[in-house]
Amino acid sequence: MEREKILLRLFGKKLLSFKKLDTGEVIGTGLLNPIFDKLRFLIMMVFQANFYRQYKNLGNWRGKRVANTFAPPVGSSPMLRVLKASIMTRIFRHTFPVAMTFAVTYECQCTCKHCSAGRHLRNDLRELSTKEAKALIDQSQNLGVALIAFTGGEPLLRDDIYELISYVDKKKALTILFTNGLLLTKENIEKLVDAGLYSLFVSIDSPIPEEHDQLRGLAGLFESAIKGIKRMQAKGGFVGISSYATRSATQKGMYKKLYSLARGLGVENLILFDGVPTGNTLNNTSEMLTSKQHEEIRKFSSNIFRHRMVPQLNSQSWQNSIEGYLGGLGCLAVNLQYYVSAYGDVSPCDFTPLSFGNVRNKPIKEIWNKMVHHPAYNHRSTCCRMQHPNFRRFYIDPIPDNSKLPYNIENLPYIDYRI
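Residues numbered from 1 in each chain as written. Predicted model: local features only at pLDDT ≥ 70, side-chain atom pairs only at ≥ 80, totals over all residues. Heavy atoms only, no water.

Caption draft 1: The arrangement of the overall build of the protein chain in detail. Each helix and strand in the protein chain was counted, giving 15 helices and 16 strands. A globule of 419 residues ought to have a C-alpha radius of gyration of about 22 Å, and the protein chain, at 20 Å, matches this closely. A burial count over the protein chain gives 56% of its 419 residues as buried. Summed over all atoms, the accessible surface of the protein chain reaches about 18200 Å², with 54% contributed by carbon and sulfur. Side-chain charges in the protein chain split into 55 positive and 36 negative, and the spacing between the mean points of these groups amounts to 9 Å. (Helix = DSSP H or I, 4+ residues; strand = E, 2+ residues; numbered from the N terminus. Rg over C-alpha atoms; globule rule 2.2 N^0.38 Å. Buried < 20%, exposed > 50% of the residue type's maximum accessible area, 1.4 Å probe, protein only. Areas by Shrake-Rupley, 256 points an atom, 1.4 Å probe, with all protein chains shown as cover. Lys, Arg positive; Asp, Glu negative; His and termini not counted. Charge placed at Lys NZ, Arg CZ, Asp CG, Glu CD.)

In structure tokens form, the structure reads like this:
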């Protein structure tokens, strides 16, 4: 279902307009769109400034106003680093990252059939040591990242997680942690707060307790996660819910029920990823959202933004929409972020199981440069590549069924999937 947004029309002529194609891509369709492309950075700043003006009541971090708990506070040093990266990207026509997602371990108490980190756990490799993890943090901060998200597996199963969070220079980068919520005891939350954690996201697959527990393969997990959320809130920490939208769940309006749960709990954010075929479901595209469902969730997100509702709904469907494109988003892989596995492999994002190198063998800067020059990533994509049919045909479908992830990019064609 294609959709067109016309921003400027004169005498029946479309001067500034955009169309979202069924592939997910956004293209310009107006006479003045070539001019818009040259001024895109300024227009993006206007859109983002307007967004930050809308949200004035999410919180305060060390004296700075927070408009989005997945982004640095307004006027903070990390936010200035994000702005610097954006300016340098435009000047040098070379993308500079602002975020790293670091899977510190693939150990987990859950047995999720849909796990995006599935097929990553290795018995023949050791996880990055504390020393190696700190070196990665140093290199990433030197590269310019302003956000470091710790994930897994279950990151709280790693003994040195509090040390790693504390090690991050908070003048350069803020820390985020994704957890299943099982280990959010009073003692552990105290440790997270003392380590300087910026925001915490608890994974909730379904607002129905029994369904959530079944999807995660662990009875009582929903109740434990909710208790953990409340404990973190009692400490004054920023808390959000992380979830995803599948085709079948969206048909039942589950994203609306998730939002109602988040609103009832009083969390600051609900992140709604698309149900991307990756990890354990790498070759199963049956639960991918239809273009109509993307638009349905996009409208729901836009309505929340328009009415300044809390919590925010940061949906991938909105991020990859025309509005997200105008705000400078789209596909974040090798645009704003990269992902590092527990064993040091570097991938474009959490959901892309392709390794461009390992930090044990090469510095992160060298691997980043390799990614941004690769024909699959040397351009800004307006949609999630992992949901683009041609990208999957060239870079995902050839991955052997029995291979561990991430898969070495050198074994795949060096080609622009858009041809």
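Next comes the rest of the write-up.
Caption draft 2: Geometry of the pairing of strand β6 (residues 99-103). When you tally the buried positions in β6, you get five out of five residues, the bulk of the element. The alternating pattern of β6 places A99, T101 and A103 on one face and M100 and F102 on the opposite face, and all of these are buried. With respect to chirality, the unit in which β6 leads through helix α4 (residues 130-143) into the neighbouring parallel strand β7 (residues 147-151) is right-handed. (Right-handed = clockwise from strand over helix to strand, strands pointing away.)

Caption draft 3: Examining the nonpolar core more closely. Core analysis: the biggest nonpolar cluster contains 87 residues, and F150 and Y338 have the highest contact counts within it. Here this core gets six residues from one element, more than from any other, and that element is helix α10 (residues 254-265). V98, L174, F178 and Y198 belong to the second-largest nonpolar core, a separate cluster that totals 15 residues. (Core = buried A, V, L, I, M, F, W, Y, C linked by side-chain atoms within 4.5 Å.)

Caption draft 4: Representation of the side chain of Q293 within the structure. Position of Q293 among the secondary structure elements: in helix α11 (residues 291-306). Owing to a relative accessible area of 7%, Q293 belongs among the buried residues under this scheme.

Caption draft 5: Spotlight on the sheet that holds strand β9 (residues 199-203). In spatial order, the strands read β12-β11-β10-β9-β8-β7-β6-β13-β14; together these nine strands make up an open sheet with mixed pairing. Two strands close off the open sheet at either side, each with one partner strand: β12 (312-315) and β14 (346-347). In this structure, β7 lies alongside strand β8 (residues 174-179), joined through four bridges in parallel fashion. Among the inter-strand pairings, A149 is bridged to a residue of β8, identified as I176. Lying over the sheet, helix α8 (residues 221-234) contacts β9 and β10 (238-245), oriented at roughly 150° with respect to β10. (Pairing = 2+ DSSP bridges. Contact = heavy atoms within 4.5 Å. Axes fitted to C-alpha atoms, helices over the stretch in contact; angles between N-to-C directions.)

Caption draft 6: Highlighting the sheet that holds strand β3 (residues 26-28). Here we have three strands laid out as an open sheet, ordered β1-β2-β3, and antiparallel in their pairing. Each of the sheet's edge strands pairs with one partner strand only, and the pair in question is β1 (3-10) and β3. Looking at each pair of strands side by side, their axes are set apart by 15° on average, direction ignored. As judged from the seven bridges shared by β1 and strand β2 (residues 13-20), these two strands associate in the antiparallel manner. Considered in β2, the bridge of L8 is made with L16.

Caption draft 7: Structural context of the packing of aromatic side chains. Summed over all chains, the structure comprises 19 aromatic pairs. Ring centres 5.8 Å apart and planes at 80° place the aromatic pair F70 and F201 in the edge-to-face group. Of this pair, F70 sits in the loop between β5 (64-66) and α3 (77-92) while F201 is found in strand β9, placing the two residues 131 residues apart along the sequence. Here F70 falls in the partly exposed class, since its relative accessible area comes to 33%. (Phe/Tyr/Trp six-rings, centres within 6.5 Å; stacked < 30°, edge-to-face > 60°.)

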